Amino acid sequence: QVQLVESGGGLVQSGGSLRLSCAASGTTFSINAMGWYRQAPGKQRDLVAGITSGGSTNYADSVKGRFTISRDNAKNTVYLQMNSLKPEDTAVYYCNVDSAYGVRYWGKGTLVTVSS
């Protein structure tokens, strides 16, 4: 089992920045890919960014050039640096990890609100 705890969400003005963190605990040796998803009210949960165990990254088109995902394997933590935030980035952001056993774990989410 892997437990995930997100932090760093909050209220920010348009154009501002936030840094989300997600710390994993438990059977962290099994962690492969890590990532961030988000879900706005009334919408489905969508991928924001992902990072493999080797450091390869992928991003949703809507956040390319503004968001950066990174991970610290020694700390079992994944980060999401969000710059140039827009009101449409407002959502609950969820951390996820994929284990080597084919199980996906989710955090409880952290709310990001961008005011115009």
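The structure this text deals with has already been given above.
Residues numbered from 1 in each chain as written. Predicted model: local features only at pLDDT ≥ 70, side-chain atom pairs only at ≥ 80, totals over all residues. Heavy atoms only, no water.

**What about the state of the cysteines?**
Part 1 of the argument: Going through the model one piece at a time under the given rule, you end up with one disulfide.
Part 2 of the argument: A disulfide bridge connects Cys22 with Cys95, and the sulfur atoms are separated by 2.1 Å. With the S-S bond torsion at -80°, the cross-link from Cys22 to Cys95 turns out left-handed. In this pair, Cys22 sits in strand β3 (residues 18-26) while Cys95 sits in strand β9 (residues 91-99), placing the two residues 73 residues apart along the sequence. Take Cys22 and Cys95: they sit in the same class, and that class is buried. (Disulfide = S-S within 2.5 Å. Helix = DSSP H or I, 4+ residues; strand = E, 2+ residues; numbered from the N terminus. Buried < 20%, exposed > 50% of the residue type's maximum accessible area, 1.4 Å probe, protein only.)

**Quick look at the pairing of β9**
Part 1 of the argument: Burial analysis of β9 places seven of its nine residues in the buried class, the great majority of the element.
Part 2 of the argument: Pairing analysis gives seven bridges linking strand β4 (residues 31-39) to β9, with the strands arranged antiparallel. In the strand pairing of β9, Gly35 is matched with Asn96.
Part 3 of the argument: Two elements, β9 and strand β11 (residues 110-115), share three bridges in a ladder whose sense is antiparallel. Bridge pairing links Tyr93 to Thr110 in β11.
Part 4 of the argument: In this structure, β9 lies alongside strand β10 (residues 104-106), joined through three bridges in antiparallel fashion. From the neighbouring strand, Asp98 faces β10, where its bridge partner is Arg104. (Pairing = 2+ DSSP bridges.)

**Some words on the environment of Thr90**
Part 1 of the argument: Counting through the fold element by element, Thr90 comes out in the loop between β8 (77-82) and β9.
Part 2 of the argument: In this structure Thr90 comes out as partly exposed when scored by relative accessible area, which is 22%.
Part 3 of the argument: Counting along the chain gives 50 residues from Thr90 to Ala40, while the straight-line C-alpha distance between them is 6.5 Å.
Part 4 of the argument: Residues contacting Thr90, with those up to four places away along its chain left out, are Ala40, Val112, Thr113 and Val114.
Part 5 of the argument: A distance of 2.9 Å separates a polar side-chain atom of Thr90 from the backbone oxygen of Pro87. (Contact = heavy atoms within 4.5 Å. Polar contact = N/O pair within 3.5 Å; in protein donor to acceptor, adjacent residues only side chain to side chain.)

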